[in-house]
Amino acid sequence: MSKPRIGIVISTTREGRFGDKAAAWIHDIAAARGDLEVEIVDLRDYPMGFFDEPASPLYVPPKDEAARRWGKKVDELDGFIFVTAEYNRAPPAVLKNALDYAYREFNRKPAAFVGYGGVGAARAIEQLRLIAVELQMAPTRHGVHIGGADFMGMFMQGKTFADMAHLEPSAVTMLDDLAWWTHALKAAREESVAQAA
Ligand SMILES: Cc1cc2nc3c(=O)[nH]c(=O)nc-3n(C[C@H](O)[C@H](O)[C@H](O)COP(=O)(O)O)c2cc1C
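Residues numbered from 1 in each chain as written. Predicted model: local features only at pLDDT ≥ 70, side-chain atom pairs only at ≥ 80, totals over all residues. Heavy atoms only, no water.

The subject of this paragraph is the overall build of the chain. Looking only at helices and strands, one finds six helices and six strands in the chain. In the chain, the succession of helices and strands from N to C terminus is β-α-β-α-β-α-β-α-β-β-α-α. Computed over the C-alpha atoms, the radius of gyration of the chain is 16 Å, within 12% of the 16 Å expected from 2.2 N^0.38 for a compact globule of 197 residues. Projecting the C-alpha coordinates of the chain onto the three principal axes gives extents of approximately 55 × 40 × 25 Å. Across the 197 residues that make up the chain, the buried fraction comes to 50%. Contacts in the chain between residues far apart in sequence, at least 24 positions, make up 80% of those at least 6 positions apart. For the chain, the computed accessible surface area is about 9700 Å², with 55% contributed by carbon and sulfur atoms. Measuring between centres, the 23 positive side-chain charges of the chain sit 2 Å from its 27 negative side-chain charges. (Helix = DSSP H or I, 4+ residues; strand = E, 2+ residues; numbered from the N terminus. Rg over C-alpha atoms; globule rule 2.2 N^0.38 Å. Buried < 20%, exposed > 50% of the residue type's maximum accessible area, 1.4 Å probe, protein only. Contact = heavy atoms within 4.5 Å. Areas by Shrake-Rupley, 256 points an atom, 1.4 Å probe, with all protein chains shown as cover. Lys, Arg positive; Asp, Glu negative; His and termini not counted. Charge placed at Lys NZ, Arg CZ, Asp CG, Glu CD.)

What follows is the structure, encoded as structure tokens:
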């Protein structure tokens with residue numbers, strides 16, 4: 001089996017966002033493992049309009065050009081780490097919109113989460129796990145929550161991830177969980193394709 005490909009999705013796009021810092025941090029930890037091919041997928045590179053299509057992408061391919069490229073990228077990947085903020089206790093609208101713009105491309109793939117905010121985006125991530133189930137994904141039990149003083153220290157007080165070594169064990173646990181599901185589901189998807197041929 002080829003090395004599974006994991007997309008680390010930066011889920012916010014506003015100028016001055018924190019999301020790219022958290023994505024770079026988890027990218028470096030994931031890349032150092034050696035068992036996963038990891039890449040950053042920045043939603044800024046897929047500037048989709050608000051969903052305005054005749055039907056779900058399950059039935060009709062999107063007309064929106066950026067959404068078509070997004071669907072292709074999702075299709076290439078075997079698993080996902082959504083790096084997410086919490087906007088009004090929910091996932092950022094840009095991320096929800098992107099999730100609405102693909103369907104089959106997400107099916108039977110795992111979704112893990114790195115959240116940041118007052119409570120480490122725990123409330124947004126719980127909603128994302130439900131959305132992932134509808135997309136026929138396997139959301140992992142373990143996530144990374146960068147909250148409270150850790151988040152405020154980096155957001156407001158000039159600290160960086162170099163000061164946050166205590167967050168690494170939760171990143172390792174989440175990545176172990178994601179790697180297990182990614183290998184298992186990739187093997188199962190490949191087996192289904194072989195049986196259908
Ligand atoms: C519209 C909006 C709503 C927010 N709501 C929440 C919230 O519900 N919970 C929270 O912990 N932080 C909230 N925040 C603060 C964010 O955690 C903080 O701005 C964070 O940096 C946003 O992520 P970003 O920098 O990647 O955009 C909110 C920020 C914005 C802009």
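After presenting the structure, the write-up continues.
The next subject is the site of the ligand. Lining the immediate surroundings of the ligand are 16 residues, of which Thr12, Arg14, Tyr87, Arg89 and Tyr116 lie closest. At a separation of 3.1 Å, an oxygen atom of the ligand approaches a polar backbone atom of Gly19. At 3.0 Å from a nitrogen atom of the ligand is found a side-chain nitrogen or oxygen belonging to Glu86. For the shell around the ligand, the per-class residue count stands at six nonpolar, five polar and five charged. (Near = heavy atom within 4 Å. Polar contact = N/O pair within 3.5 Å; in protein donor to acceptor, adjacent residues only side chain to side chain. Nonpolar A, V, L, I, M, F, W, Y, C, P; charged D, E, K, R; others polar.)

Time to look at the nonpolar core. Ranked by size, the top nonpolar core spans 30 residues in total, and within it Trp25, Ile26, Ile81, Val83, Ile146 and Phe161 carry the most contacts. Put simply, the parts of the chain that give this core at least two residues each are strand S1 (5-10), helix H1 (19-33), strand S3 (79-84), strand S4 (110-116), strand S6 (144-146), helix H5 (148-156) and helix H6 (168-196). For this core, the leading source of residues is H1, giving six residues. Those residues in contact with Ile81 that sit more than four places away from it in its chain are Ile6, Gly7, Ile8, Val9, Ile26, Ala112, Val114, Met174, Leu175 and Leu178. With 29 residues, the next largest nonpolar core counts Met48, Ala102, Ala132 and Met137 among its residues. (Core = buried A, V, L, I, M, F, W, Y, C linked by side-chain atoms within 4.5 Å.)

Taking 1.5 Å as the rise per residue, helix H2 (residues 65-76) with twelve residues should run 16 Å; its terminal C-alpha atoms sit 17 Å apart, in good agreement. Three or more residues of H2 are buried, namely Ala66, Ala67, Trp70, Gly71, Lys73 and Val74. One face of H2 carries all of its buried residues, which in axial projection span an arc of 165 degrees. Looking at H2, the residues exposed on the side facing more than 90 degrees away from the buried face are Glu65, Lys72 and Asp75. In this structure, the buried side of H2 is in contact with S1, strand S2 (37-42), S3 and helix H3 (93-100). (Expected span 1.5 Å × (residues − 1). Arc of directions from axis to C-beta.)

This part takes up the pattern of salt bridges. If you walk through the whole model with that rule in mind, you get 15 salt bridges. Taking the shortest distance from any N to any O, the salt bridge between Glu53 and Lys63 comes out at 3.9 Å. Residue Glu53 is found in the loop between S2 and H2, and its partner Lys63 is found in the loop between S2 and H2; the two are separated by ten residues along the sequence. Accessibility expressed as a relative area gives 14% for Glu53, which makes it buried. Judged by relative accessible area, which is 57%, Lys63 ranks as exposed. One salt bridge connects Glu65 with Arg69, and the closest N-O pair in it is separated by 3.0 Å. Taken together, the residues Glu65 and Arg69, both in helix H2 and four residues apart, mark about one turn of the helix. Residues joined in a network through salt bridges with shared partners are Arg5, Glu39, Lys73 and Glu76. (Salt bridge = Lys/Arg side-chain N within 4 Å of Asp/Glu carboxyl O.)

One pass over the structure, following the stated rule, counts 13 aromatic pairs. Where Phe82 meets Phe113, the ring centres are 5.9 Å apart and the plane angle is 25 degrees; that geometry is what we call stacked. On the criterion of sequence distance, the pair formed by Phe82 in strand S3 and Phe113 in strand S4 is long-range, its members being 31 residues apart. Residue classification places Phe82 among the buried residues on the basis of a relative accessible area of 3%. Here the aromatic rings of Trp180 and Trp181 are separated by 5.2 Å at their centres, their planes lie at 80 degrees, and the arrangement is edge-to-face. An aromatic cluster is built from Phe18, Trp25, Tyr116, Phe151, Phe155 and Phe161, whose rings are joined through pairwise contacts. (Phe/Tyr/Trp six-rings, centres within 6.5 Å; stacked < 30°, edge-to-face > 60°.)

None of this, on its own, says anything about what the molecule does.
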